[in-house]
Amino acid sequence: MVEIRSPTLSPWIERILKEFPADMVRLWVAADPDDVLLDEQVLAELRERGFDLLPFEDSVVFRAEFEARYREAWGRGEQGPAKALILHLARGDSSELPWDYLNQARVVRLSLAELFPLLSYSVVRQLAPEHRQTLFAAQDKFAKQMHGESLTKEFLLTHIYKINPHLLSKTEDLWGNLLRLHYDETELPQDLVRHMVHILAEEQMFRHLPLAELFSSRSYFLRVLQDAWYCYLHGLGVIGQRVAEPHAQHERIIDVPFDRPQIRAMIDSLFLDGALHPLEISGGASGIPAWARVGVVEDPFAMRNLIVEGMKSLETTLPALDASYRDWSQFARRFGELLARFHRLETERANGIHNQIVALQQLIDERLLAWVKQHYADLPSLPAVKGPVMVHHVPHYLARCRNNGEVRVALLVFDGLSVDQWVHIREHLTKY
């Protein structure tokens, strides 16, 4: 038995791939209730080693494709589309599969309970797939005994999200962690949010805050932060007109310690990316600290300069060829915010930076095209638990929402709508 190993692969990827030596059989059955195999890097590596993967969702559909594309070719002594095929079963029990599959296939069972034996399965299964690799390394290094639910939550907060709720004793520490989480668009599982809120609510200084909403919802957090920023400037005697985002009348103003070092360090990035909108002021801005000027538009060229700085930031953070689709989705949102700002500029100022925008867009297109050529084949197999990755995932995602208790599920289709156009629609909707 030959096992292919690559020194560049992480122990997590190696642990999964070792179940699939390439020279054993042509048909495999993967009983995978936690979608362990449906990881971009795992799928790419399996394909590199000669494996294809097909989901077993409908027995008739699977048999038709298997017979036509794989079994007939193998029967003629040909390789077919791939050297081997993995039947992916999204449950742990493979006994109900057709006998002829089980008779010729090698069955592999993958479960988070087996891969993370020292941690609580009920907690680990809520973790987003992109964090499993980090958790696997942390378990190997730091977990020396069995962890129950509470200890597993603490373990995940510490080693995945870099938060220790017991040590958050200052307001700036809380907001610093919130800024880091939401800037990275990191989503905390609801069980961890409830665990955090339970601990933080014991501190008097945090009891007045809507902690659950602040940790759970990025859009809610940004709305609160936006209003707090305008309130902060008002406290400095700075009065102006809001750019794009109107005041959210239904939200109460929450004080944020913007002048603390750990807060200041991240605020400029949110303004450059378009997540926060500056205040348009007239006259001088002598009362504004230098670090806070990124959050105001002082003169006709200020918004133009903010866009130029945003372009520089985007260029330095352009996703690499080994990036995930999530990286590209987040990058697309940031670029959409920047384009929306660009299209609001007066013609004279927009023309002055038009060539820079075009050059950046061409650079992004070239990098995305190279990424698509390398990774597009893996996208159809990705799970749609958190949201559909491709259009054919939409029905499965909607069905999952209904099965999880959603009474009403609506699908709105904006065909041909670009991200920057959505920014304009979003800002219009927030007025109501």
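**Remarks on the packing of aromatic side chains**
Here the structure, examined in full by the defined rule, presents 23 aromatic pairs. On the basis of an interplanar angle of 70° and a centroid distance of 5.9 Å, the ring pair of Trp 28 and Phe 51 is categorised as edge-to-face. Remark: Phe 51 occurs in strand E2 (residues 51–55) and Trp 28 occurs in strand E1 (residues 27–31); sequence separation between them is 23 residues. No difference in accessibility class separates Trp 28 from Phe 51, as the two residues are buried. Taken together, a centroid distance of 6.1 Å and an interplanar angle of 65° make the contact between Trp 229 and Trp 291 edge-to-face. Note that Trp 229 is positioned in helix H12 (residues 218–235) and Trp 291 in the loop between strand E6 (279–281) and strand E7 (296–297), a separation of 62 residues in sequence. On the accessibility criterion, Trp 229 (0% relative accessible area) is buried. A network of ring pairs unites the aromatic residues Phe 56, Phe 62, Phe 66, Tyr 70, Trp 74 and Tyr 101 as a single cluster.

**Digging into the side chain of Asp 420**
Tracing the backbone through its elements, the reader meets Asp 420 in helix H18 (residues 419–429). Comment: no salt bridge for buried Asp 420; closest opposite-charge side chain is Arg 344, at 9.4 Å. Among the polar contacts listed, one links the side chain of Asp 420 to the side chain of Ser 418, at a separation of 2.8 Å. The residues contacting Asp 420, other than those within four sequence positions of it, are Gly 336, Leu 339, Ala 340 and His 343.

**Looking at helix H16 (residues 347–375)**
For H16, built from 29 residues, the straight-helix expectation of 42 Å at 1.5 Å per residue is met to within 8% by its first-to-last C-alpha distance of 39 Å. At Ile 353, H16 shows its largest kink, close to 50°. On its buried face, H16 sits against helix H2 (40–48), helix H14 (302–316) and helix H15 (325–344).

**So, the packing of H15 against H18**
Contact geometry of H15 with H18 gives a least axis separation of 7 Å together with a crossing angle of 70°. Considering the angle they form, H15 stands roughly perpendicular to H18. Across the interface between the two elements, Ala 332, Arg 333, Gly 336, Glu 337, Leu 339, Ala 340, His 343 and Arg 344 of H15 pack against Val 419, Asp 420, Val 423, His 424, Arg 426 and Glu 427 of H18.

**Comments concerning a nonpolar patch on the surface**
Where nonpolar side chains cluster on the molecular surface, the patch consists of Leu 412, Phe 414, Leu 417, Trp 422 and Leu 429 and spans about 500 Å² of accessible area. For Leu 429, the location among the structural elements is in helix H18.

**Details of the confidence of the model for the protein**
The predicted model of the protein has a mean per-residue pLDDT of 88, with 94% of residues at 70 or higher. The weakest mean pLDDT in the protein belongs to strand E5 (residues 240–242) at 71; the strongest belongs to helix H6 (residues 121–124) at 97. In this model residues 1–6 is a low-confidence stretch, pLDDT under 50, and it forms 13 contacts with partners more than four residues away in sequence or in other chains.

**Structural notes on helix H10 (residues 190–200)**
Residues Leu 192, Val 193, His 195, Met 196, Ile 199 and Leu 200 constitute the buried set of H10. What you see down the axis of H10 is that its buried residues fit within an arc of 165°, all on one side. Buried residues belonging to H10 abut H6, helix H8 (149–159), helix H9 (171–183) and helix H11 (211–216).

**Some details on the pattern of salt bridges**
A full pass over the atoms with the stated rule returns 18 salt bridges. Across the salt bridge formed by Arg 63 and Asp 100, the nearest N and O atoms sit 3.1 Å from each other. Placement of Arg 63 in helix H3 (residues 59–75) and of Asp 100 in helix H4 (residues 99–104) is noted, with a sequence separation of 37 residues between them. When its relative accessible area of 30% is taken as the criterion, Arg 63 is described as partly exposed. Taken together, the shared-partner salt bridges connect Arg 63, Glu 67, Arg 71 and Asp 100 into one network.

**Things to note about the sheet that holds strand E4 (residues 106–109)**
Read from one edge of the open sheet, 4 strands run E2-E3-E1-E4, paired in parallel fashion. The sheet is open, and its two edges are formed by E2 and E4, each paired on a single side. The average angle at which neighbouring strand axes cross in this sheet is 25°, direction not considered. By the bridge criterion, 4 bridges tie E1 to E4 in an arrangement that is parallel. Pairing of Ala 31 across the sheet is with Arg 109, part of E4. Here H3 sits on the sheet and contacts E1, E2 and strand E3 (84–89); the angle it forms with E3, its principal contact strand, is near 160°.

**Description of the pairing of E2**
Most of E2 sits inside the fold, with 4 of its 5 residues counted as buried. The pairing of E2 with E3 spans 5 bridges and is parallel. If you follow Phe 51 over to E3, its bridge partner there is Ala 84. Tracing the backbone out of E2, into H3 and back to the parallel element E3 gives a crossover that is right-handed.

**Overview of the side chain of Ser 324**
Mapping Ser 324 onto the fold places it in the loop between H14 and H15. A residue is classified by how much of its surface remains accessible, and Ser 324, at 17% relative accessible area, is buried. Aside from chain neighbours lying at most four places away, what touches Ser 324 is Glu 40 and Trp 371.

**Focus on the nonpolar core**
Counting 108 residues, the largest nonpolar core has Phe 20, Leu 37, Trp 175, Leu 225 and Ile 267 as its most contacted members. The leading source of residues in this core is H12, at 10 residues. With near-sequence residues (within four places) excluded, Phe 20 lies in contact with Trp 28, Ala 30, Leu 37, Leu 46, Phe 51, Ile 86, Val 108 and Leu 110. Of all hydrophobic cores here, the second largest spans 15 residues; its members include Phe 66, Trp 74, Ala 82 and Leu 97.

Calculation criteria
Residues numbered from 1 in each chain as written. Predicted model: local features only at pLDDT ≥ 70, side-chain atom pairs only at ≥ 80, totals over all residues. Heavy atoms only, no water. Phe/Tyr/Trp six-rings, centres within 6.5 Å; stacked < 30°, edge-to-face > 60°. Helix = DSSP H or I, 4+ residues; strand = E, 2+ residues; numbered from the N terminus. Buried < 20%, exposed > 50% of the residue type's maximum accessible area, 1.4 Å probe, protein only. Lys, Arg positive; Asp, Glu negative; His and termini not counted. Salt bridge = Lys/Arg side-chain N within 4 Å of Asp/Glu carboxyl O. Polar contact = N/O pair within 3.5 Å; in protein donor to acceptor, adjacent residues only side chain to side chain. Contact = heavy atoms within 4.5 Å. Expected span 1.5 Å × (residues − 1). Bend = angle between axes of the 7 residues up to and from the residue. Axes fitted to C-alpha atoms, helices over the stretch in contact; angles between N-to-C directions. Parallel < 35°, antiparallel > 145°, perpendicular 65-115°, else oblique. Patch = residues over 30% accessible without salt bridge, like charges linked within 9 Å, V, L, I, M, F, W, Y side chains within 5 Å. Areas by Shrake-Rupley, 256 points an atom, 1.4 Å probe, with all protein chains shown as cover. pLDDT = per-residue confidence, 0-100. Arc of directions from axis to C-beta. Pairing = 2+ DSSP bridges. Right-handed = clockwise from strand over helix to strand, strands pointing away. Core = buried A, V, L, I, M, F, W, Y, C linked by side-chain atoms within 4.5 Å.

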